[in-house]
Amino acid sequence: MAQIKRRKVPFILLAVFVLSAVLVGGYYSQQSANAAVDQPVDYSHKVHIDAGMECLYCHSSATRSPVAGVPSVQKCMGCHETIATDNEDVMVVIDYWNRQEPIPWERVNKEPDFVYFSHQPHMLSGLSCENCHGEVGEMDLAEPVVDMHMGWCLDCHEQQHEDIAPHLWECLVCHQ
Ligand code: HEC
Ligand code: HEC
Ligand code: HEC
Ligand code: HEC
Ligand code: HEC
């Protein structure tokens, strides 16, 4: 009995918290789903992938942390100190570098704060970026390709091996 009660209390608190967060946040997140985002630099994924770069070259945190991360201006300058320095979009990057300011990239894919997502377990299980983000290598600025709602997460979790699928459906896996 005592054990059941201890488990129920955080669950109810969670449900109340999640519902109130949704009332406030739901409207905004729906507005932004599948809309292209304006960015401070006209950066093209396609140009860089066609030049032979791999996703993890710039998003190396994906295999070892929750976030994939976006590269620093210093990383860009490793090449753009000498490559395409007369391109006007590259000049914008060089201006950020000279001012020692980070490029304020807008987030494209964003879950509400009450959702826990981590890239690491997904990458370690052998998924590729394209499974969730689509053909980013064909895009200029990254665009959202799927609406990353709860049903989308659960659909894929349901398809995992029967040893792990029930665990991957537990509320506290994604709402910690
Ligand atoms: C040369 C560096 C570089 C490489 C290589 C690169 N990216 Fe990116 N990526 C960026 C930058 C800069 C941004 C921020 C601008 C934007 O959103 O387009 C970004 C943004 C993204 C975003 C959107 C992030 C968000 O806010 O949700 C995704 C998804 C993404 N990249 C996936 C990929 C995939 C998949 C590959 C491989 C096919 C890849 N990237 C290769 C630099 C890179
Ligand atoms: C299982 C699905 C899945 C896979 C696989 C995946 N992502 Fe993501 N990605 C997401 C979700 C969901 C978000 C939003 C997370 C949030 O807001 O907490 C995201 C956010 C991002 C972001 C912006 C926030 C951050 O983490 O820096 C980048 C950049 C990104 N992904 C790049 C990549 C790249 C590159 C790969 C492959 C190396 C990849 N993703 C693989 C689902 C995925
Ligand atoms: C490994 C080398 C390398 C890195 C690192 C790199 N680039 Fe590039 N970039 C290139 C090459 C090669 C081109 C194509 C040049 C050409 O067509 O003359 C290019 C082209 C560009 C262009 C002009 C074409 C376009 O519209 O995309 C921009 C803007 C640009 N890069 C921004 C960035 C930013 C921002 C970063 C850091 C997030 C970055 N680059 C990192 C090699 C690199
Ligand atoms: C394309 C398939 C796919 C999608 C989409 C997906 N996942 Fe997963 N998820 C997995 C796989 C595979 C694992 C690793 C299972 C294992 O450890 O064997 C996993 C594991 C996790 C874990 C770690 C669980 C643990 O206890 O180790 C979390 C947290 C998670 N997913 C959250 C999410 C969230 C949140 C979303 C939606 C925003 C999502 N996932 C979308 C396939 C997916
Ligand atoms: C695999 C990850 C995952 C699991 C497991 C999960 N959720 Fe979610 N949940 C999400 C994501 C992502 C969102 C935000 C996007 C959305 O609103 O669909 C969300 C949103 C919600 C919302 C906001 C309402 C809505 O649909 O927008 C509620 C309430 C919620 N979850 C409750 C639960 C409960 C209760 C459980 C357990 C039965 C659960 N979730 C299990 C990922 C998950």
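What you see is a predicted model; the values in this text were computed from it and never measured.

This part covers the overall build of the protein chain. When you go through the protein chain residue by residue, the secondary structure sums to ten helices and zero strands. When the helices and strands of the protein chain are placed in sequence order, the string is α-α-α-α-α-α-α-α-α-α. Residues counted as buried form 3% of the 176 residues belonging to the protein chain. In the protein chain, the proportion of contacts linking residues at least 24 apart, taken out of those at least 6 apart, comes to 68%.

Here we come to the site of ligand 4. Inspection of the region around ligand 4 gives 21 residues, with F117, P121, S125, C153 and C156 positioned closest. The element that contributes the greatest number of residues to the shell around ligand 4 is helix 8 (residues 150-158), accounting for four residues. Along the lines of polarity and charge, the residues of the shell around ligand 4 split into 14 nonpolar, six polar and one charged.

Next up on the list: the confidence of the model for the protein chain. Within the protein chain, residue pLDDT values average 86, and 80% of them lie at 70 or more. Taken as a whole, residues 1-9 scores under 50 in pLDDT and shows zero contacts with residues more than four places along the chain or in a different chain. Of the regions scoring below 50 in pLDDT, residues 18-33 engages in nine contacts with residues more than four places distant in sequence or in other chains.

Bringing unusual backbone geometry into the picture now. Despite not being glycine, A84 has its phi angle at roughly 55°, a positive value. Position of A84 relative to the elements: it lies in the loop between helix 4 (73-80) and helix 5 (88-98). At Q100, a position not held by glycine, the phi torsion is positive, near 55°.

What follows concerns the packing of helix 4 against helix 5. Relative to each other, helix 4 and helix 5 sit at 125°, their axes nearing to 10 Å. Between helix 4 and helix 5, the crossing angle belongs to the class labelled oblique. You can see that helix 4 and helix 5 cross each other, and the crossing is left-handed. Taken together, the residues of helix 5 that come into contact with helix 4 (itself represented by V73, C76, M77 and H80) are V90, V93, I94, Y96 and W97. The residue makeup of the contact of helix 4 with helix 5, split by class, is eight nonpolar, one polar and no charged.

Now for the site of ligand 3. Inspection of the region around ligand 3 gives 20 residues, with S44, C76, C79, A84 and D89 positioned closest. Mapped by element, the contributors of at least two residues to the shell around ligand 3 are helix 2 (45-50), helix 4 and helix 5. With five residues, the single largest contributor to the shell around ligand 3 is helix 4. Residues that form the shell around ligand 3 fall into these classes: twelve nonpolar, five polar and three charged.

The topology assignment puts H48 in helix 2. H48 sits 90 residues away from E138 along the chain, and the two C-alpha atoms are 10.0 Å apart.

Mapped onto the secondary structure, F114 falls in the loop between helix 5 and helix 6 (119-124). Measuring from C-alpha to C-alpha, the distance between F114 and C174 comes to 8.3 Å, with 60 residues separating the pair along the chain.

Reading guide: rules and limits
Residues numbered from 1 in each chain as written. Chains lettered and ligands numbered in written order. Predicted model: local features only at pLDDT ≥ 70, side-chain atom pairs only at ≥ 80, totals over all residues. Helix = DSSP H or I, 4+ residues; strand = E, 2+ residues; numbered from the N terminus. Buried ≥ 20, exposed ≤ 12 C-beta atoms within 10 Å, placed from the backbone. Contact = placed C-beta atoms within 7 Å. Near = placed C-beta within 6 Å. Nonpolar A, V, L, I, M, F, W, Y, C, P; charged D, E, K, R; others polar. pLDDT = per-residue confidence, 0-100. Axes fitted to C-alpha atoms, helices over the stretch in contact; angles between N-to-C directions. Parallel < 35°, antiparallel > 145°, perpendicular 65-115°, else oblique. Left-handed = near helix turned anticlockwise from the far one by under 90°.

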